[in-house]
Amino acid sequence: MGTLPKLDKRFIKMELGENTGFARANNIAAKKAKAPWIALLNPDAFARPDWLEQLLIAKNTSLNTMMVGSTQYLALEEIPTLDGFGDCYSIFGIAYRAAHKKLPPQNLKTAFVFGPCAAAALYHREKFLNLGGFDERFFCYHEDVDLAFRMQLTGAECVQSTKAIVDHVSSAISDTVPEFAVYHGTRNRIWTFFKNMPWPLLILLTPLHISANLAYLGWSIFRKGRLRPTFRGIKDGIKGLPQTFRDRKTVQQKRIVSASEMLGKMTLSPIKVITRGISTRTLPK
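Residues numbered from 1 in each chain as written. Predicted model: local features only at pLDDT ≥ 70, side-chain atom pairs only at ≥ 80, totals over all residues. Heavy atoms only, no water.

### Concerning helix H7 (residues 227–239)
Over its 13 residues, H7 runs 18 Å from end to end, which matches the ideal 18 Å to within 8%, given 1.5 Å per residue. Every buried residue belonging to H7 is among Pro229, Thr230, Gly233, Ile234, Asp236 and Gly237, and all of these are buried. Residues of H7 that are buried in the fold lie against helix H5 (178–196), helix H6 (199–220) and helix H8 (241–253). (Helix = DSSP H or I, 4+ residues; strand = E, 2+ residues; numbered from the N terminus. Expected span 1.5 Å × (residues − 1). Buried < 20%, exposed > 50% of the residue type's maximum accessible area, 1.4 Å probe, protein only. Contact = heavy atoms within 4.5 Å.)

### What to know about the pairing of strand S3 (residues 65–74)
S3 sits mainly inside the fold: 10 of its 10 residues count as buried. Pairing analysis gives eight bridges linking S3 to strand S9 (residues 157–168), with the strands arranged parallel. Its bridge partner being in S9, Gly69 is matched across the sheet by Gln160. The pairing of S3 with strand S8 (residues 120–124) spans three bridges and is antiparallel. From the neighbouring strand, Gly69 faces S8, where its bridge partner is Ala121. The pairing of S3 with strand S4 (residues 82–84) spans two bridges and is antiparallel. Bridging from a neighbouring strand, Tyr73 pairs with Leu82 of S4. (Pairing = 2+ DSSP bridges.)

### Digging into the pattern of salt bridges
Here the structure, examined in full by the defined rule, presents 12 salt bridges. Here Asp83 makes a salt bridge to Arg97, at a shortest N to O gap of 2.7 Å. You can see Asp83 sitting in strand S4 and its partner Arg97 sitting in strand S6 (residues 95–97), a full 14 residues away along the chain. Here the two residues Asp83 and Arg97 agree in accessibility, since each one is buried. (Salt bridge = Lys/Arg side-chain N within 4 Å of Asp/Glu carboxyl O.)

### Remarks on the state of the cysteines
Think of a disulfide as a covalent bridge from one cysteine sulfur atom to another cysteine sulfur atom. Inspection of the entire model under this criterion finds zero disulfides. This cysteine, Cys158, is not joined by any disulfide, and Cys88 carries the nearest cysteine sulfur, 9.9 Å off. (Disulfide = S-S within 2.5 Å.)

Here it is as structure tokens:
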């Protein structure tokens, strides 16, 4: 990561003067933008020369495509290793970056996925703004999963492109403050589940989500520096549920996808969650 190169008049450089968090900063930029599509690129993600072109090609995959995800490779690996192939969302209310730290399979194909990793993604600007953009309560972590969930509920799709490629120094910024990442990831995971899950699935899957969070808490006991932020994240996640359910009313009012359709967009296999298995749906022919 270095300083920005000299930019021409097409670009606007904004300094907010404070750390507003990933969610609010990108919302501000989206409102300032004028193009019909907005591309997000983290400072630790380095785009291949045709990255933006490939994202724009992938958006034409279907009429409902409102999000496009990039194929992310780990930037510092000698052997080509995936950093992620889209964000998947399981019936346990657990989101994960597919194929993280795995060698790319030979049959990797562009396909529908639950949502893009916002470190390098393309969004339909009008759809993004109509849904309120990223939830600024989240500050950072899981805000892209939350937005993808809200978009999916309104019938939008996400295409995961194999040709739009970035090299990502995964968590280059947050690794210096792991407690921060664990806390926000834990808290926001709870808010995402209770805010977005359709009522029939919320009733059916809440026991699985509670079990998953308890499992994370138990696992954190054996991982240095994770117990306290995990516990605090669960505590504050529960504490924030009244506001989450108030936000839920607006989200569910915009839902046009049935509970059964939404279930079909999720990862059913717990093995895939544990192994970060790729979970995609075939594109229309």
